[in-house]
Amino acid sequence: MLELSSNLSPLVASLNPAQREAVTAPPEHRLVLAGAGSGKTRVLTHRVAWLIAAEGVSPMSILAVTFTNKAAAEMRARIEQLVDVPIRAMWVGTFHGVAHRMLRMHWKEAGLPQNFQILDADDQVRLVKRIIKNLELPDDQWPAKTVAGWISAQKEEARRPQHFADEGDYTQRQFVRIYSAYQAQCDRQGVVDFAELLLRAYELTRDHADIQAHYRRRFRHILVDEFQDTNKLQYDWLRVIAGRDGVLFAVGDDDQSIYSWRGARVDNMLRLAQDFRGLEVVRLEQNYRSTGNILAAANGLIAKNAGRLGKELWTDGSDGEPIQLYAAFNEYDEADFVVARIKEHLDGRCALSEIAVLYRMGAQSRVLEEALIRARLPYRIYGGLRFFERQEIKDALAYLRLLHNRHDDTSFERAVNTPPRGIGATSVEKLRQLARDKDVSLWTAATQGAGPLGRSAAALQQFTGLIESLASETKAVALSRATERVIERSGLREHYRKEKGEQAEARLENLDELISATRSFEPRVTNEPPDENESPRADPLTEFLTHAALEAGEAQAGPGEDCVQLMTLHAAKGLEFPVVFMVGMENGLFPHARSAGEGNLEEERRLCYVGITRARKQLYMSYAEMRRMHGVEQNNAPSMFLREIPPEVIVETRPRASLTRPAFAPRSAYGREHSAGFSGGGWDRGDVNERRGAYGARHEPPLTRQPVSPSMMGKSEGPAGLRLGQSVRHEKFGEGTVLAFDGDGERTRIEVRFKNAGTKWLMLSFARLEAL
Ligand code: ATP
Ligand code: MG
């Protein structure tokens, strides 16, 4: 055992014995299998620091991988704090980021053009759609999104089109045909989709002996966070890089495996013992992150899953605040609730960045964003709907990409008629045909013989002329200046200015934001000596376009600005915040209807477990009784997961003031300070509006909390002679079973699962239920 020098001791002093054992272990394979908040990531970063500071390992020989950009950035920052040598040469990143870096360095061997670009998920689907059309397959039978998903899944299994044996199955044959044509097109355009990044990097290190030897020599220590979410390809890649001598240090939690839909395999944890000889497993069970109540909620919930590797978290900290549950009228009310509580927390108690709002689907962010903007609270979105995926941004990027690479057909298609310049769908189709016949890019087809295009030919010529002149104009200017010029000269700014309205204004702002975003990619003068182990820097435009494709939502709050953190539950993995909101706790949304239907209920539950365990001190959960989803009003029952949380750690929280809202009025139509009165309308109809009414009359003092009425969590005897489990009939909804009661007297509500109308909360006094 090494002697600890005085500056090393703090490194391990802040670890418990099990953690310390893992951090200071001799260089052998290790798997730390432990629950949320037990210090896995902390152990991993300390391990890196230990290797450098105590074992004298060069940062260069360390590869540390995790799953999100945010987590990677945090990991680097944490390690930097722990050691006092520069760690720039250390590779820390996401799997995709590391793969991308390798491909940039070895583009030739990887069979890519030097300026290859990344095709994001949206463009991938468009391209697949076009291929399906080219192959004359009926697009109703071949939905592009499904096929694109299938292609990615094949890549994640390292399967190329030529690996399929033709067994005479018609459907498979078509899938493979599309895959093959799609890949050929990607290669022609010089673009790489997300799964391709990984597959290429894997093939690169597997098939090129010299490259393989180089990385095996280089990366003696490979550390992987969130190991439970590795897929087959990532696993195989790690094995290739590790070779015989590389030492693997993996940390993970089977209860947090949330990417099986993308091919992640918890089994990889079990495989480790076979593939990495001498693997030691370390378990950690003490949680340092969350209060006792939050942990009790997490433990209670995850206990409902079968087939776990099994572990229970404990803390020696206090119970803390109970979890607060809010029942909102609709998504707007929910967003207002979130904003009101955020404001409370700001009274000197915490910074905005210490607050996270988590949701199941990216689309849920819009309403939250609006409420935050109204309240002038800066926020930032990680993952989900990205800045770089917005229409106007993609328009501008298409031009930039074309300047970069004329043969990028996807960008050509987008730019050619945005803004409209009289090149109609038929002309574009003809151009495609021409390109196909000659087996060239759209650009080449357009510049070398657009004769058959008739009237559009002139417009097309103007377009290619525009691109060429933009290219020469912007060659010698700074990237931000070039971007600005592209937005002007392409006519995009004018196009969106003419659109008018709030939406158009937002778009113009986004375009401005894009210009600012490019600024950080302009070369800076630094005093730092160049690092020979750094990958060669690409030109600013290449770097920027890569960033745009890889990085999620960078646009909302300025860099470094204190702001509320918004993200999907998936994106929150590995992170922690003192205050967490989990919104949209409704059946159908969470657990998501599709996932639950596909038998992935356990994965949804793990996702819920991930969400709960992000919270350190205070957790809020909310559901909306009515929510507009996919353009349709839906009435979903509260999430089944709420019921799986031990009732003693939850309290139901009420809104600030008593108020009533007209049932379907837009948000601006009702004031917050409006006071009580049953003006909600429609109370007597025994349908949706009753439920509004039930929540419409709230006379509680501001922000008081009430324990969830025990009835809600399972009182068996209800009023009016009804009991839980009893069969009842409703005039409109038909037969159903009583699930729960809530409230007292006149305001008693009842939850019924109807055979044909789903589960609903009704006002008992208006529902006129008939006991069967
Ligand atoms: P997750 O499963 O969510 O990724 P994790 O196991 O990686 O969680 P960490 O993020 O490493 O957990 O640690 C959770 C929190 O507990 C962090 O704030 C960390 O600094 C703290 N922590 C971990 N171990 C200790 C310890 N021995 N003493 C004090 N704080 C600790
Ligand atoms: Mg972690």
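Thresholds applied
Residues numbered from 1 in each chain as written. Chains lettered and ligands numbered in written order. Predicted model: local features only at pLDDT ≥ 70, side-chain atom pairs only at ≥ 80, totals over all residues. Heavy atoms only, no water. Helix = DSSP H or I, 4+ residues; strand = E, 2+ residues; numbered from the N terminus. Buried < 20%, exposed > 50% of the residue type's maximum accessible area, 1.4 Å probe, protein only. Contact = heavy atoms within 4.5 Å. Areas by Shrake-Rupley, 256 points an atom, 1.4 Å probe, with all protein chains shown as cover. 1 Å grid on protein atoms, 1.4 Å probe; cavity = no way out; pocket = protein on both sides within 12 Å on 5 of 7 lines; lining within 4 Å. Points joined across faces, edges and corners; volume = space filled by probe spheres on them. Nonpolar A, V, L, I, M, F, W, Y, C, P; charged D, E, K, R; others polar. Phe/Tyr/Trp six-rings, centres within 6.5 Å; stacked < 30°, edge-to-face > 60°. Lys NZ or Arg CZ within 6 Å of the ring centre and 35° of its normal. Expected span 1.5 Å × (residues − 1). Polar contact = N/O pair within 3.5 Å; in protein donor to acceptor, adjacent residues only side chain to side chain. pLDDT = per-residue confidence, 0-100. Axes fitted to C-alpha atoms, helices over the stretch in contact; angles between N-to-C directions. Parallel < 35°, antiparallel > 145°, perpendicular 65-115°, else oblique. Left-handed = near helix turned anticlockwise from the far one by under 90°. Pairing = 2+ DSSP bridges. Near = heavy atom within 4 Å.

(A) How the structure looks around the overall build of the chain. On a plain count of helices and strands, the chain comes out with 29 helices and 22 strands. Taking all 772 residues of the chain together, the buried fraction comes to 57%. For the chain, restricting intrachain contacts to residue pairs at least 6 apart in sequence, the fraction spanning at least 24 positions comes to 75%. If you sum the accessible surface of the chain, you get close to 32,900 Å²; carbon and sulfur atoms cover 49% of it.

(B) Spotlight on empty space enclosed by the protein. Counted by the stated rule, this structure contains four cavities of 30 Å³ or more. Its volume calculated, the largest cavity comes out at about 160 Å³. If you trace the largest cavity, you find 15 residues lining it, with Asp120, Asp123, Lys394, Leu397 and Arg401 closest to the centre. The biggest single contributor to the lining of the largest cavity is helix H16 (residues 391–404), with four residues. Grouping the constituent residues of the lining of the largest cavity by class yields seven nonpolar, two polar and six charged.

(C) View of the packing of aromatic side chains. Enumeration according to the criterion identifies 19 aromatic pairs in this entry. Judged by centre distance (6.1 Å) and plane angle (90°), the ring pair of tryptophan 150 and tyrosine 179 falls under edge-to-face. With tryptophan 150 in helix H7 (residues 144–156) and tyrosine 179 in helix H8 (residues 170–189), this pair connects stretches of sequence that are 29 residues apart. With a centroid separation of 6.5 Å and an interplanar angle of 65°, the aromatic rings of tyrosine 399 and phenylalanine 463 are classed as edge-to-face. On the criterion of sequence distance, the pair formed by tyrosine 399 in helix H16 and phenylalanine 463 in helix H20 (residues 456–474) is long-range, its members being 64 residues apart. By the burial criterion, tyrosine 399 is buried, and phenylalanine 463 matches it. Among the aromatic residues, those joined into a cluster by ring pairs are Trp142, Trp150, Phe164, Phe175 and Tyr179. Above the face of the phenylalanine 116 ring, arginine 104 is positioned so that its terminal group lies 4.0 Å from the ring centre. One cation-aromatic arrangement involves lysine 573 over phenylalanine 67; the distance from NZ or CZ to the ring centre is 4.1 Å.

(D) Structural context of helix H14 (residues 331–346). Given a rise of 1.5 Å per residue, 16 residues ought to cover 22 Å, and the 23 Å separating the end C-alpha atoms of H14 matches this to within 8%. Burial of H14 is extensive: twelve of the 16 residues sit out of reach of the surface. Those residues of H14 that fall on the buried side of the exposure criterion are Glu331, Asp333, Glu334, Ala335, Asp336, Phe337, Val338, Val339, Ala340, Arg341, Ile342 and His345. At the N-terminal boundary of H14, the capping side chain belongs to asparagine 330, with an oxygen 3.1 Å from the backbone nitrogen of tyrosine 332.

(E) Fine view of the environment of glutamate 625. Residue placement: glutamate 625 occurs in strand S14 (residues 615–629). A sequence separation of 39 residues divides glutamate 625 from glutamate 586, and the C-alpha atoms of the two residues are 8.2 Å apart.

(F) How the structure looks around the confidence of the model for the chain. Summarising the model, the chain shows a mean pLDDT of 82, and 83% of its residues fall at 70 or more. For the stretch residues 1–6, pLDDT sits under 50, and the model shows seven contacts to residues farther than four places along the chain or on other chains. Within the model, the stretch residues 656–716 combines pLDDT values under 50 with 149 contacts to residues more than four positions away or in other chains.

(G) Local environment of the packing of helix H5 (residues 95–105) against helix H9 (residues 194–207). The contact between H5 and H9 brings their axes to 9 Å, and the two run at 55°. Compared by their axis directions, H5 and H9 come out oblique. Regarding H5 and H9, the two cross each other, and that crossing is left-handed. Residues Phe95, His96, Ala99, His100, Met102 and Leu103 of H5 form the contact with H9, whose own contacting residues are Phe194, Leu197, Leu198, Arg200, Ala201, Leu204 and Thr205.

(H) Summary view of helix H3 (residues 40–53). With 14 residues, H3 extends 20 Å between its outermost C-alpha atoms, agreeing within 8% with the 20 Å of an ideal straight helix rising 1.5 Å per residue. Of all 14 residues in H3, twelve are buried; the element is thus mostly enclosed. Taken as a whole, H3 has its buried residues at Lys40, Thr41, Val43, Leu44, Thr45, His46, Arg47, Val48, Ala49, Trp50, Leu51 and Ile52.

(I) Broad picture of the pairing of strand S13 (residues 577–582). In terms of burial, S13 is largely enclosed, as six of its six residues are buried. Relative to S13, strand S10 (residues 355–359) runs parallel, the two being bridged by four bridges. Within S13, the position partnered with isoleucine 355 by the bridge is valine 579.

(J) Inspection of the site of ligand 1 at higher detail. Among the 19 residues in the neighbourhood of ligand 1, the closest are listed as Lys40, Arg42, Gln256, Glu576 and Arg614. At 2.8 Å from an oxygen atom of ligand 1 is found a main-chain nitrogen or oxygen belonging to glycine 37. Among the elements that take part in the shell around ligand 1, H3 stands out by supplying three residues, more than any other.

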